[in-house]
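One letter stands for each residue in the lines below.
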Amino acid sequence: MSATSTTTTRTATTARRKGVGLGLLAWLLGVVFFLPIAWMALTSFHSETDAATNPPSFGAALTLDGYREFFGTGGGASPWPALINSTVASLASTLFVLLLALPAAYALSINRVRKWTDVLFFFLSTKMLPVVAGLLPIYLFAKNTDMLDNIWLLVILYTSMNLPIAVWMMQSFLAEVPVAIIEAARVDGARLPTILARVVAPIALPGIAATALICFIFSWNELLFARVLTGVVAETAPVFLTGFITSQGLFLAKVCAASLVISLPVLAAGFAAQDKLVQGLSLGAVK
């Protein structure tokens with residue numbers, strides 16, 4: 001065997017071992033990140049007595065009592081109004097964000113305005129303000145306009161909070177759209193709404209899906225504004241979840257059951273859009 005063949009074989013073996021090592025490391029990290037979720041799911045099927053044991057009881061009997069109490073079968077409050085409010089606020093705000101971010105990103109990436117980099121920095125700088133710093137002015141505004149405990153106030157807030165990051169993301173996605181296709185559509189007489197809906201949107205669909213999923217997750221998980229600005233009518237799922245922590249103590253099994261149920265919509269949305277999410281987040285990564 002020649003020296004060149006020996007070197008090639010050693011290089012291939014080293015690369016194979018490196019790939020196996022990286023694969024094992026990735027699996028290890030995946031298991032580490034998944035363990036808290038698996039532990040929460042297992043605890044949700046335990047009784048309160050077994051869930052509170054220290055050290056944890058892995059072989060404890062399984063029961064659905066935590067889920068029964070969460071859904072109000074034992075006489076407690078029903079979670080459905082809160083889940084519906086979270087769904088309405090998250091979906092509506094995500095839709096409004098996409099409708100506003102798409103033309104804004106088009107103006108910053110394809111038909112660029114003057115000093116578009118300064119505009120992008122301005123959008124991003126709005127995320128640098130601590131959320132709690134704007135809580136009091138927003139509360140006073142909502143109180144004076146009789147919008148406290150109103151789900152549409154949350155829709156407006158979530159739209160304004162997610163719009164900067166959506167514009168920033170979609171600008172990078174739309175920058176990958178071939179300009180020649182847009183120019184051809186203009187030659188054919190297509191106006192801007194038609195170009196956005198029938199030319200730009202289908203090409204940038206993975207990026208739009210990734211942006212929509214991230215905005216939905218941010219809206220669904222938001223707690224501070226929902227906690228302060230809502231009461232009974234517009235209560236969201238995260239606010240409903242905090243109601244399980246009472247002066248009587250922490251009911252661990254019921255909290256785990258509630259956390260798992262409230263997390264399911266986000267997990268389902270991520271699973272359904274995982275292919276679009278990967279494509280969208282990788283746009284522009286390879287030239």
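Residues numbered from 1 in each chain as written. Predicted model: local features only at pLDDT ≥ 70, side-chain atom pairs only at ≥ 80, totals over all residues. Heavy atoms only, no water.

Enquirer: Please clarify how the overall build of the protein should be interpreted in this entry.
Expert: Per the secondary structure count, the protein includes 14 helices and 2 strands. Contacts in the protein between residues far apart in sequence, at least 24 positions, make up 75% of those at least 6 positions apart. For the protein, the computed accessible surface area is about 17000 Å², with 69% contributed by carbon and sulfur atoms. (Helix = DSSP H or I, 4+ residues; strand = E, 2+ residues; numbered from the N terminus. Contact = heavy atoms within 4.5 Å. Areas by Shrake-Rupley, 256 points an atom, 1.4 Å probe, with all protein chains shown as cover.)

Enquirer: Can you walk me through the side chain of threonine 94 in this structure?
Expert: Tracing the sequence through the fold places threonine 94 in helix H4 (residues 80-109). At 2.7 Å, the side chain of threonine 94 and the backbone oxygen of serine 90 are in polar contact. When neighbours within four sequence positions are excluded, threonine 94 is seen to be in contact with Ala212, Cys215 and Phe216. (Polar contact = N/O pair within 3.5 Å; in protein donor to acceptor, adjacent residues only side chain to side chain.)

Enquirer: What's the story with the packing of aromatic side chains in this structure? I'm lost.
Expert: The geometry of an aromatic ring pair is captured by the separation of the ring centres together with the interplanar angle, meaning the angle of the planes. Per the stated rule, a full pass over the model turns up 5 aromatic pairs. When the centroid spacing of 4.9 Å and the interplanar angle of 75° are considered together, the rings of phenylalanine 70 and phenylalanine 71 count as edge-to-face. What makes phenylalanine 70 buried here is its relative accessible area of 0%. Taken together, the ring pairs connect Phe70, Phe71, Trp80 and Phe240 into an aromatic cluster. (Phe/Tyr/Trp six-rings, centres within 6.5 Å; stacked < 30°, edge-to-face > 60°. Buried < 20%, exposed > 50% of the residue type's maximum accessible area, 1.4 Å probe, protein only.)

Enquirer: How should I be thinking about the confidence of the model for the protein in this particular structure?
Expert: Fine structural detail should not be taken from predicted coordinates in areas where pLDDT scores are low. Summarising the model, the protein shows a mean pLDDT of 83, and 89% of its residues fall at 70 or more. Predicted confidence in the protein is weakest over helix H14 (residues 274-281), with a mean pLDDT of 61, and strongest over helix H11 (residues 224-229), with 93. (pLDDT = per-residue confidence, 0-100.)

Enquirer: Even after reading the chapter, I still don't get a nonpolar patch on the surface, so can you show me in this structure?
Expert: There is a patch of nonpolar side chains on the surface, built from Trp80, Ile84, Val88, Leu95, Phe96, Leu99 and Trp152 and spanning about 720 Å² of accessible area. Take the nonpolar patch: its biggest share by element is 6 residues, from H4. Secondary-structure assignment places phenylalanine 96 in helix H4. (Patch = residues over 30% accessible without salt bridge, like charges linked within 9 Å, V, L, I, M, F, W, Y side chains within 5 Å. Salt bridge = Lys/Arg side-chain N within 4 Å of Asp/Glu carboxyl O.)

Enquirer: Looking at this structure, how should I read helix H10 (residues 205-221)?
Expert: Residues spaced three or four apart along an α-helix point in a common direction, a consequence of the helix completing one turn every 3.6 residues. Between its first and last C-alpha atoms H10 spans 24 Å; for 17 residues at 1.5 Å apiece the expected length is 24 Å, and the two agree. The set of residues buried in H10 consists of Pro206, Gly207, Ile208, Ala209, Ala210, Thr211, Ala212, Leu213, Cys215, Phe216, Ser219 and Trp220. (Expected span 1.5 Å × (residues − 1).)

Enquirer: Would you mind showing me how to read the pattern of salt bridges here?
Expert: Note that side chains of opposite charge can pair when their charged atoms are close. Taken as a whole and judged by the stated rule, the model has 2 salt bridges. Here arginine 68 makes a salt bridge to aspartate 65, at a shortest N to O gap of 2.8 Å. Highlighted residues: arginine 68 and aspartate 65, both in helix H3 (residues 65-70), separated by 3 residues, approximately one helical turn. Owing to a relative accessible area of 36%, aspartate 65 belongs among the partly exposed residues under this scheme.

Enquirer: I tried to follow the side chain of serine 93 on my own but got confused; where do I start?
Expert: Mapped onto the elements of the fold, serine 93 is located in helix H4. Take serine 93: its relative accessible area is 0%, and that puts it in the buried class. Within the structure, the side chain of serine 93 is placed 3.1 Å from the backbone oxygen of serine 90, a separation counted as a polar contact. When neighbours within four sequence positions are excluded, serine 93 is seen to be in contact with Val88, Val155, Tyr158, Thr159 and Ser219.

Enquirer: For this particular structure, what's the right way to read the environment of alanine 190?
Expert: Residue position: alanine 190 is located in the loop between helix H8 (179-187) and helix H9 (192-203). On the accessibility criterion, alanine 190 (25% relative accessible area) is partly exposed.

Enquirer: I would appreciate a short explanation of the packing of H10 against helix H13 (residues 252-272) in the present structure.
Expert: To describe two helices that pack against each other, one gives the angle between their axes and the distance between the axes. Between H10 and H13, whose axes approach to 10 Å, the crossing angle comes to 175°. By the angle between their axes, H10 is roughly antiparallel relative to H13. Between H10 and H13, the residues in contact are Leu213, Phe216, Ile217 and Trp220 and Ile262, Pro265, Val266, Ala269 and Gly270, respectively. Residues of the contact of H10 with H13, tallied by class, amount to 8 nonpolar, 1 polar and no charged. (Axes fitted to C-alpha atoms, helices over the stretch in contact; angles between N-to-C directions. Parallel < 35°, antiparallel > 145°, perpendicular 65-115°, else oblique. Nonpolar A, V, L, I, M, F, W, Y, C, P; charged D, E, K, R; others polar.)

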